[in-house]
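Residues per chain, in single letters:
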Amino acid sequence: MRNNLGMRNSWSSIVKKINEPICDTNILKLLNKYESSIDKNNYNFFYRGEKQIYETCLTPSVFRNANEKEAYFDALTYFPNEFVGLSALSQLAKMQHYTYPTRLLDLTTNPLVALWFASADYSTKTISYQHDEKDGQFFVIATRKKNILSFESDRALLLSCLAKLDDEEKNMLAKFLEHQLDNNNQKLDNDCIKQLKTNNVNVFQKYISEVSRERTAFLNYRTNPKDIFSTFIVRPLINNDRLQKQNGLFAIFGLNSELYNNNDEYKIYSFVIPKQCKQKIVDELDKLGINQATLFGDIESRAKYNDLKKNANKVF
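These numbers come from a predicted model, not from an experiment.

Rules of the game
- Residues numbered from 1 in each chain as written.
- Predicted model: local features only at pLDDT ≥ 70, side-chain atom pairs only at ≥ 80, totals over all residues.
- Heavy atoms only, no water.
- Helix = DSSP H or I, 4+ residues; strand = E, 2+ residues; numbered from the N terminus.
- Buried < 20%, exposed > 50% of the residue type's maximum accessible area, 1.4 Å probe, protein only.
- Contact = heavy atoms within 4.5 Å.
- Areas by Shrake-Rupley, 256 points an atom, 1.4 Å probe, with all protein chains shown as cover.
- Core = buried A, V, L, I, M, F, W, Y, C linked by side-chain atoms within 4.5 Å.
- Salt bridge = Lys/Arg side-chain N within 4 Å of Asp/Glu carboxyl O.
- Phe/Tyr/Trp six-rings, centres within 6.5 Å; stacked < 30°, edge-to-face > 60°.
- Pairing = 2+ DSSP bridges.
- Axes fitted to C-alpha atoms, helices over the stretch in contact; angles between N-to-C directions.
- Parallel < 35°, antiparallel > 145°, perpendicular 65-115°, else oblique.
- Left-handed = near helix turned anticlockwise from the far one by under 90°.
- Nonpolar A, V, L, I, M, F, W, Y, C, P; charged D, E, K, R; others polar.
- pLDDT = per-residue confidence, 0-100.

(A) Layout of the overall build of the protein. Along the protein, the regular secondary structure elements total 14 helices and twelve strands. When burial is assessed residue by residue, the protein has 52% of its 316 residues classed as buried. A separation of at least 24 residues holds for 80% of the contacts in the protein among residues at least 6 apart in sequence. Within the structure as shown, the protein displays about 15,500 Å² of accessible surface, and the carbon and sulfur contribution to it stands at 46%.

(B) Focus on the nonpolar core. Residues L173, L177, F204 and Y207 are the most contacted members of the largest nonpolar core, which totals 45 residues. It is helix α9 (residues 201-212) that contributes the most residues to this core, six residues altogether. Formed by 30 residues, the second largest nonpolar core is a distinct cluster that contains I18, Y43, A120 and F271.

(C) Highlighting the pattern of salt bridges. A complete count under the given rule lists twelve salt bridges for this structure. Close ionic contact of K33 with E20 constitutes a salt bridge, the shortest N to O distance being 2.7 Å. A residue pair is termed long-range when its members are at least 10 positions apart, and K33 in helix α1 (residues 28-35) and E20 in the loop between β1 (15-17) and α1 qualify at 13 residues.

(D) The arrangement of the packing of aromatic side chains in detail. If you walk through the whole model with that rule in mind, you get eleven aromatic pairs. Consider the rings of Y72 and F73, whose centres lie 5.0 Å apart with planes at 90 degrees: the pair is edge-to-face. Take F73: its relative accessible area is 35%, and that puts it in the partly exposed class. Grouping aromatic residues by their ring pairs yields a cluster made of Y34, Y47, F138, Y269 and F271.

(E) Inspection of the pairing of strand β6 (residues 136-144) at higher detail. Burial within β6 is extensive, with eight of its nine residues counted as buried. Direction of pairing for strand β2 (residues 43-50) relative to β6: antiparallel, over a ladder of eight bridges. Each bridged residue has a counterpart across the sheet, and for F46 the counterpart in β6 is I141. Note: β6 against strand β12 (residues 266-273), eight bridges, orientation antiparallel. By the bridge assignment, I141 is partnered in β12 with I268.

(F) Geometry of the packing of helix α5 (residues 111-119) against helix α12 (residues 278-287). Direction vectors running N to C along α5 and α12 enclose 140 degrees, while the axes themselves pass 9 Å from each other. Taken as axis vectors, α5 and α12 run oblique relative to one another. Seen along the crossing, α5 lies across α12 with a hand that is left-handed. Taking contact as the criterion, the partners of L112, L115, W116, A118 and S119 in α5 are, on α12, K278, I281, V282 and L285. The residue makeup of the contact of α5 with α12, split by class, is seven nonpolar, one polar and one charged.

(G) View of unusual backbone geometry. Within the chain, N65 stands out as a residue other than glycine whose phi angle is a positive 60 degrees. The residue N65 is located in the loop between β2 and α2 (68-78) in this model.

(H) Quick peek at the confidence of the model for the protein. Looking at the protein, the pLDDT average stands at 86 and 90% of residues meet or exceed 70. No element of the protein has a lower mean pLDDT than strand β5 (residues 129-130), at 52, and none a higher one than α2, at 97.

(I) Spatial organisation of the environment of P101. In this structure, P101 sits in the loop between α4 (88-97) and β3 (104-108). In sequence terms P101 and N65 are 36 residues apart; their C-alpha atoms lie 9.6 Å from each other.

(J) View of the environment of N306. Topologically, N306 is positioned in helix α14 (residues 299-309). In the structure, N306 is positioned 14 residues away from Q292 in sequence and 9.6 Å away in space, judged by C-alpha atoms.

And the structure:
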C-alpha cells in the first residue's frame with residue numbers, strides 16, 4: 001500500500017540544488033542559464049522565495065501539523081460574511097491571505113518578487129523587517145502547461161473540497177482511489193460506483209456530494225482518481241490588491257503529490273541567498289520599486305516602510 005494522505009506533502013524530494021548563490025538582483029542571466037534547458041513551448045515558470053532554508057521547504061501550511069478541516073470551518077464559522085458567495089477555491093485563497101493553514105502554496109510569476117521574499121525578514125504579526133541571521137532560498141518551478149489550471153477548473157474544485165474532510169476520511173478516500181488506480185479504473189462514473197461494494201466507497205460519495213454543492217455536474221462522477229492525488233498550479237481570481245501587486249498565484253496540493261509530481265511533470269531548482277547579501281538585495285529591490293509598501297499596498301505597510309526608511313541600519 002502506498003503512503004496515504006502525504007502528510008509531508010511537498011515538492012522537496014524533487015528539488016535540484018544549484019551551487020550558484022544569488023548575491024544581487026541581476027539574476028536574469030542566471031535564470032536563463034537553467035530555464036533555457038527546459039522546453040518553453042511545453043513548460044511555464046514560476047517562483048517562490050523563503051527567508052531561510054527549511055526542512056519543510058515548498059510545503060503548504062496545512063501539512064505542517066495543522067488540522068485542515070478544523071481550520072477551514074473555524075474561518076467559516078467566525079467570519080461568515082467574509083466568505084459569502086465565494087467558490088471553495090476562493091475561500092481557501094482568502095484563508096491563505098489571512099494566514100489560516102491551507103493546502104495552497106504561494107507562488108509568483110515575477111522572480112524579483114520571489115527574491116524579495118527570500119531576502120526580507122517579514123513578520124505578518126509585526127509587519128517589520130530585521131537582519132536575518134540565516135540564508136534564504138529562491139526557487140524556480142517549471143511545470144508542464146497542462147498542470148496549470150484556471151479558477152473555474154474542475155480539478156481545482158476537487159482539491160479545494162478536500163478541506164471539508166477530516167484526516168480519517170482523507171485516508172479512507174486515498175485507499176479507495178488507490179484501489180481504483182491499481183485496478184486501472186482511470187475514470188469513476190455512476191456505473192463504476194454501483195458495482196463497488198467496499199466501505200470506502202461511501203467516503204468517496206460523501207466527498208463528491210461536497211463538490212457537487214458548487215457544481216452539480218459532479219453528481220454524475222466522471223472523476224479521474226489520479227487528479228485527486230496530484231498538484232496543480234492555479235491562476236485564481238485576482239480579487240485583492242495584494243495578489244495583483246505580487247503577481248501572485250497558487251499551487252494546490254492533493255492527497256499525496258509525491259506519487260505523481262515526478263521530474264517529468266515538475267522541474268524545480270533552488271538557489272541559496274547568502275545572509276550577508278540580503279541587505280544589498282533588499283536595498284537594490286527598493287530602488288526597483290519592490291518593497292514592503294508596494295508589495296502589500298495597505299496603509300499600515302506604507303507607514304511601516306516609511307519608518308524603516310528613516311533608519312539605514314534596518315532592512316526595509
